Amino acid sequence: MDFLTIIQVLDSTVRLATPLLLACLAGLFSERAGIFDIGLEGKMLMSAFFSAAVAAVTGSVWLGLLAGIAASLVLAGLHGLASITFRGNQLISGVAINFLAAGMTVLIAQDWFQQGGRTPSLIGGGRFGPIEWPLAESLREFPLIGPVYSELLSGHSILVYVAFLAVPATWWVLFRTRFGLRLRAVGENPAAVDTAGVSVVGLRYAAVAICGVLCGIAGAYLATALQAGFVKDMTAGRGFIALAALIFAKWRPWHAMGACLLFGLLQAIALRFQNIDLGGVVIPVQVMDALPYVLTVVILAGFVGKAIPPRAGGEPYVKER
Amino acid sequence: MEDKTIKAVPAIELKGISKSFGPVQANKNISISVAPGTIHGIIGENGAGKSTLMSILYGFYKADKGEIWIKGKKTEIPDSQAAIAAGIGMVFQHFKLVQNFTVLENIILGAEDGGLLQPSLAKARKTLAELAAEYELNVNPDAVIEEIGVGQQQRVEILKALYRQAEILILDEPTGVLTPAEADQLFRILHRLKDEGKTIILITHKLREIMEATDTVSVMRRGEMTATVKTSETSPEHLAELMVGRKVLLRVDKVPARPGKPILEIENLRVVDEKGVERVKGIDLTVRAGEILGIAGVAGNGQSELLEVLGGMRPGSGAIRLNGRALPLSGPGSDARARRAAHVAHVPEDRQREGLIMEFHAWENVAFGYHHDPAYQSGIFMNNAALRADTDRKIEKFDVRPADGWLAAKNFSGGNQQKIVVAREIERNPDLLLVGQPTRGVDIGAIEFIHKQIVALRDQGKAVLLVSVELEEIFGLADRIAVMFDGHIMGERLPHETDEKELGLLMAGVSGEAA
């Protein structure tokens, strides 16, 4: 395997890790505040559809992004309403959101565009294009540094950079601000927050809303940057892999980035090397496609060690004496 | 209240507070007035409405009727924020701390100075040092809560209130988790706070604490305030009568024990818990027929594990003999059913988790553990009629109220729940009775009754192993006292040859020779 292939696989890793990372950070905010969210998948899917649809209709990817975020926020609000205000079961609410998104997106897409549940292909201003870093072209031939700079670092869509900048931002918010302290506290012991005179409900809604925004960006990235339009079930379990990455990272932002890059790498390898020929035995493409998911299970089962979730996670807060 | 020197406006005045939860009236038209710079005790049985009243004062509940006046000003307290703003701080019975935060982080939570953490933390560190010096409240600001002891955690709660400049401090059952020495230290701190002009409300069910620490005391019974008196003008007996509504015997009435042959012999017993931590570290004990051996100690020093291994609820190593016959400590024949078959009865420490199934009827609960009894069988079916008849007998004998076997366990009060468990175990006429915290969360009237039953069993020549964190209970019931600390038996004493101070030292791990 030559150097350029490695660079290309890593480049692909970055692109594929981006939606995972955004969703993972989304889950991190929500779960750190004590609201388990298995509806990341549904929120991403809903956002993917609405961003692609609005971008296709208006020709503006930015309007698409806003529409995607708004759609994801609506679902996040639903989850908040069910699990915070009405103290329902957070897992059931998440499952419902996933089903809702899977069905609604195709239904609306068919009714709107009559293209078999897809949106029209996005062209021109309907997609996020690559951002070329300064001097990327002239440095390309420079050995070692050149390909890393111009292939790996430069030339991604803006949302990729947003995702990776969101990592230090998340860390900073969680561990260096008042909001972060309260957010972490409400996921560990909401009674402590409540008796300290801070609104548990307010904090949890804020966390769920941030989760909605990040899922919205993740979905929009899928439909308007990674691919050119919405297709049925295009999230393909990414929301669940993001959850796995979140557990693998033990709810810590930098570790989340590492975990998402690892899962992204697995996907990139699967995409790049299909039908590998091992001395006459051909490994079929389906095995390669399944590999990231299989490894997700293996990693979670065997390598995580003891992952302690936020202590109040999944529990609706009820005042007690 | 006949206060001759009305020197200042009351720090707190409650006027006609009423609060209902559904059909249950938790507080009925309650009025009290607390003078500034005093320690005011509120005493009452479980369910008397003490905690509800304080929760109203701290904005957890909203009163249906009534007014709250703070320093002569009518104040609305819709939430905790308002309570804090009014200068009220509360130390709950179950601490409201974030376990994996540091002391400092817990203290600033909700009282930060701005959007960024670092300046708030720096300021709190300075303030904390001043408070520590002023009130002798020393804690390491960088320690993580889950790594410090409960006494320290309680200080953090007090510091939290002081950091918010509380003038009025409410403490709900503050000594439940403390050693006697820690409790003494707490009361020194409270007096110090009082001297600095703070007003303290102390909620407790322990008469001794009221007598020692408070200036005035209010008694609550069944949601009503039955009396407010000066502590110096009352007595424990009088307060107990006010609490229960009838005369109560505070000390256990019993004849000296006549110990017979050894019933239970424990040799080098060791217990390792699920996390691989050794909880019981090689103890030797003997319990004889006709005696009550009391195990004293602060919660979490291996007493629970000792009881559980004897009761067949977890494995151990070493040897135990009952009536001279060895009982297995692990593997087949070491489970709770085998223990019961060997005439060991067990009243577990946590009746709601281990003693009862809260959703089930009383009559079902009366059978648990003994449901294999042929008397309860009818072919392959349970003979529920026989079971219910048996339950009715036990309910009558143990005065369980309400006397209704069809009621779910959760609908009985703590005392009556405990009576159901005690009735189930004692009525089997065991050779050895294991009892853990028999009167935790049980009201005074029921305590008296349960203690009598335990003593009666002893007088029939049975052996009793009692584990309790209440020294008063140990002194009242036990014929011999063993103190546990960190999985070891620190020493054995006879109740009339020792005192709380000596036991307190043993409980804190100071060995008899050094003391």
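- Looking up chain B in an unreviewed UniProt entry gives the name Nucleoside ABC transporter ATP-binding protein, with the organism given as Ruegeria marina.
- Entered under Subcellular location (unreviewed entry) in the UniProt record, the comment concerning chain B runs "Cell membrane".

- For chain A, an unreviewed UniProt entry supplies the name Nucleoside ABC transporter membrane protein and the organism Ruegeria marina.
- Quoted verbatim from the Subcellular location (unreviewed entry) field of the UniProt record, the comment on chain A reads "Cell membrane".

**Section: the interface of chain A and chain B**
- On the chain B side, the residues contacting the 19 residues of chain A number 24 residues.
- Of all the secondary-structure elements, those providing two or more residues to the side of chain A that touches chain B are helix H8 (178-188) and helix H9 (190-195) of chain A.

**Points about the sheet that holds strand E16 (residues 344-347) of chain B**
All names here are of chain B.
- Pairing in this open sheet of 6 strands is mixed, and the strands run E16-E19-E20-E13-E21-E22 from one edge to the other. Single-partner strands in this sheet number two, and they are E16 and strand E22 (488-493). Looking at each pair of strands side by side, their axes are set apart by 20° on average, direction ignored.
- Relative to strand E19 (residues 432-436), E16 is paired through 4 bridges, and the arrangement is parallel. Directly across from Ala345, in E19, lies its bridge partner Leu433.
- Strands in contact with helix H14 (residues 414-426) are E16 and E19; relative to E16, the strand with the most contacts, it is inclined by about 175°.

**Considerations on the pairing of E19 of chain B**
Residue and element names in this part refer to chain B.
- The buried fraction of E19 is high, at 5 of 5 residues.
- By the alternation rule, side chains of E19 split into Leu432, Leu434 and Gly436 and Leu433 and Val435, which are all buried.
- In this sheet, strand E20 (residues 463-467) lies alongside E19 in parallel orientation, the contact comprising 5 bridges. In the sheet register, Leu432 faces E20, and the bridge partner there is Ala463.
- The parallel pair E19 and E20 is bridged by helix H15 (residues 444-459), and the resulting crossover is right-handed.

**With respect to helix H12 (residues 253-272) of chain A**
- An ideal rise of 1.5 Å per residue puts 28 Å on 20 residues; H12 of chain A measures up with 28 Å between its terminal C-alpha atoms.
- Among all positions of H12 of chain A, only Pro253, Ala256, Met257, Ala259, Cys260, Leu261, Phe263, Gly264, Leu266, Gln267 and Ala268 of chain A are buried.

**Some thoughts on the confidence of the model for chain B**
Residue and element names in this part refer to chain B.
- Averaged over every residue, the pLDDT of chain B is 90; the share at 70 or more is 98%.
- Predicted confidence for residues 1-5 stays below pLDDT 50, and this span has 3 contacts to residues more than four positions away or in other chains.
- Prediction confidence for the complex, expressed as pTM and ipTM, is 0.80 and 0.89 respectively.

**Concerning the sheet that holds strand E3 (residues 39-44) of chain B**
Residue and element names in this part refer to chain B.
- Within the open sheet, the 6 strands sit side by side as E6-E7-E8-E3-E9-E10. Their pairing is mixed. This sheet does not close on itself; its edge strands, each paired only once, are strand E6 (88-91) and strand E10 (224-230). Sheet twist, expressed as the mean angle between neighbouring strand axes with direction ignored, is 20°.
- By the bridge criterion, 5 bridges tie E3 to strand E9 (residues 216-221) in an arrangement that is parallel. Counterpart to Gly44 in the pairing with E9 is Met220.
- Contacts from helix H5 (residues 150-163) reach E6 and strand E7 (168-172), with the element oriented near 170° to E6.

**Notes on the UniProt feature "domain: ABC transporter" (unreviewed entry) in chain B**
- Under the UniProt annotation, the feature "domain: ABC transporter" (unreviewed entry) is placed at residues 12-247 and 264-511 of chain B.
- Taken end to end, residues 12-247 of chain B has its terminal C-alpha atoms 32 Å apart, with 36% of it in helix and 27% in strand.

**Observations concerning the environment of Asn384 of chain B**
Residues and elements named next belong to chain B.
- By secondary structure assignment, the location of Asn384 is in helix H13 (residues 384-397).
- Given 15 C-beta atoms within a 10 Å radius, Asn384 is considered partly exposed.
- C-alpha of Asn384 to C-alpha of Ala367: the two residues are 17 residues apart in sequence and 9.8 Å apart in space.

**A short note on the UniProt feature "transmembrane region" (unreviewed entry) in chain A**
Residues and elements named next belong to chain A.
- Mapped onto the present numbering, the UniProt feature "transmembrane region" (unreviewed entry) falls on residues 12-29, 49-78, 90-109, 158-175, 205-224, 256-275 and 281-304.
- Secondary structure across residues 12-29 divides into 100% helix and 0% strand, with the first and last C-alpha atoms of the span separated by 26 Å.
- Secondary structure across residues 90-109 divides into 100% helix and 0% strand, with the first and last C-alpha atoms of the span separated by 28 Å.

**Quick look at the packing of helix H7 (residues 158-176) of chain A against H8 of chain A**
Residue and element names in this part refer to chain A.
- Two numbers describe how H7 lies on H8: the axes approach to 5 Å, and their chain directions differ by 80°. Here H7 is positioned roughly perpendicular relative to H8, judged by the angle of their axes. Where H7 approaches H8, its residues Val173, Leu174, Phe175 and Arg176 are matched on the opposing element by Phe179, Gly180, Leu183 and Arg184.
- Per-class residue counts for the contact of H7 with H8 are 5 nonpolar, 1 polar and 2 charged.

**What to know about the pairing of strand E13 (residues 292-296) of chain B**
All names here are of chain B.
- In terms of burial, E13 is a largely internal element, 5 of the 5 residues being buried.
- Pairing between E13 and E20: 4 bridges, direction parallel. Counterpart to Ile295 in the pairing with E20 is Val467.
- Note: E13 against strand E21 (residues 480-485), 4 bridges, orientation parallel. Bridge pairing in E21 places Ala296 opposite Val483.

What counts and how
Residues numbered from 1 in each chain as written. Chains lettered and ligands numbered in written order. Predicted model: local features only at pLDDT ≥ 70, side-chain atom pairs only at ≥ 80, totals over all residues. UniProt positions renumbered as here; feature names shortened; annotations may be inferred. Contact = placed C-beta atoms within 7 Å. Helix = DSSP H or I, 4+ residues; strand = E, 2+ residues; numbered from the N terminus. Pairing = 2+ DSSP bridges. Axes fitted to C-alpha atoms, helices over the stretch in contact; angles between N-to-C directions. Buried ≥ 20, exposed ≤ 12 C-beta atoms within 10 Å, placed from the backbone. Right-handed = clockwise from strand over helix to strand, strands pointing away. Expected span 1.5 Å × (residues − 1). pLDDT = per-residue confidence, 0-100. Parallel < 35°, antiparallel > 145°, perpendicular 65-115°, else oblique. Nonpolar A, V, L, I, M, F, W, Y, C, P; charged D, E, K, R; others polar.

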